[in-house]
Amino acid sequence: MADAVADAAAKLQLGDAPADNGAKLQLDEETGEWVSKGELKKRLAKRAKKANKEKNKDAADTANNSKAAQAAVAPKKPKEKTEEGPIDPDAMFKQGFLNDVFNERPDKPVFTRFPPEPNGFLHIGHAKAIAVNFGFARYHGGKWYVCQTTSKRPAMRQCLT
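Since the structure is predicted, the reported quantities are computational estimates derived from the model, not experimental observations.

(A) Just the overall build of the protein, in detail. Looking only at helices and strands, the protein features five helices and five strands. Shown N-terminal to C-terminal, the secondary structure of the protein runs as helices and strands in the order α-β-β-α-α-α-β-α-β-β. Taking all 161 residues of the protein together, the buried fraction comes to 12%. Across the protein, every contact between residues at least 6 apart in sequence was considered, and the portion connecting residues at least 24 apart equals 40%. Carbon and sulfur atoms make up 57% of the accessible area of the protein, which totals about 13900 Å².

Here it is, written out as structure tokens:
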């Protein structure tokens, strides 16, 4: 029992230093932990990298502050906006693919339809199809049909104009 007390007292006097059992540990002064030499190198490198990053950030902040001070002295010139005319909603029907389609078969009056979706769930592609079908018919003075079905039988199908 006296040996255990003497060992505990010796340990306290060394400041909780690990016993020399072959492991070469070093004190990490920042955290107060005993770590291996390799671990201590990693920690010191990580801390140096973090300090360098903060130093660069502070330098960038001071540079931005000086630029801001210069900008406050000299007001910025607003960018000149170019006058753009109003957007033509019928442009896609006047030029491009849809114009070519109509020029191949210029049938008047134009009839377009949006068929029913078999499972009933619409997605963004359906919205585009509705917009193109409706716009094409409107531009060429035709009619547009929206078909809906309440059952699987074609006889029960309704089309709205």
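(B) Looking closely at the side chain of Asn133. Structurally, Asn133 is set in helix α5 (residues 124–139). Reaching out from Asn133, the side chain makes a polar contact with the backbone oxygen of Arg113 at a distance of 3.3 Å. Those residues in contact with Asn133 that sit more than four places away from it in its chain are Thr112, Arg113, Phe114 and Trp144.

(C) Structural detail: a nonpolar patch on the surface. Together, Leu25, Leu27 and Trp34 give the surface a local cluster of nonpolar side chains, amounting to about 250 Å² of exposed area. According to the relative accessible area criterion, Trp34 is partly exposed, its value standing at 36%.

How each quantity is defined
- Residues numbered from 1 in each chain as written.
- Predicted model: local features only at pLDDT ≥ 70, side-chain atom pairs only at ≥ 80, totals over all residues.
- Heavy atoms only, no water.
- Helix = DSSP H or I, 4+ residues; strand = E, 2+ residues; numbered from the N terminus.
- Buried < 20%, exposed > 50% of the residue type's maximum accessible area, 1.4 Å probe, protein only.
- Contact = heavy atoms within 4.5 Å.
- Areas by Shrake-Rupley, 256 points an atom, 1.4 Å probe, with all protein chains shown as cover.
- Polar contact = N/O pair within 3.5 Å; in protein donor to acceptor, adjacent residues only side chain to side chain.
- Patch = residues over 30% accessible without salt bridge, like charges linked within 9 Å, V, L, I, M, F, W, Y side chains within 5 Å.
- Salt bridge = Lys/Arg side-chain N within 4 Å of Asp/Glu carboxyl O.

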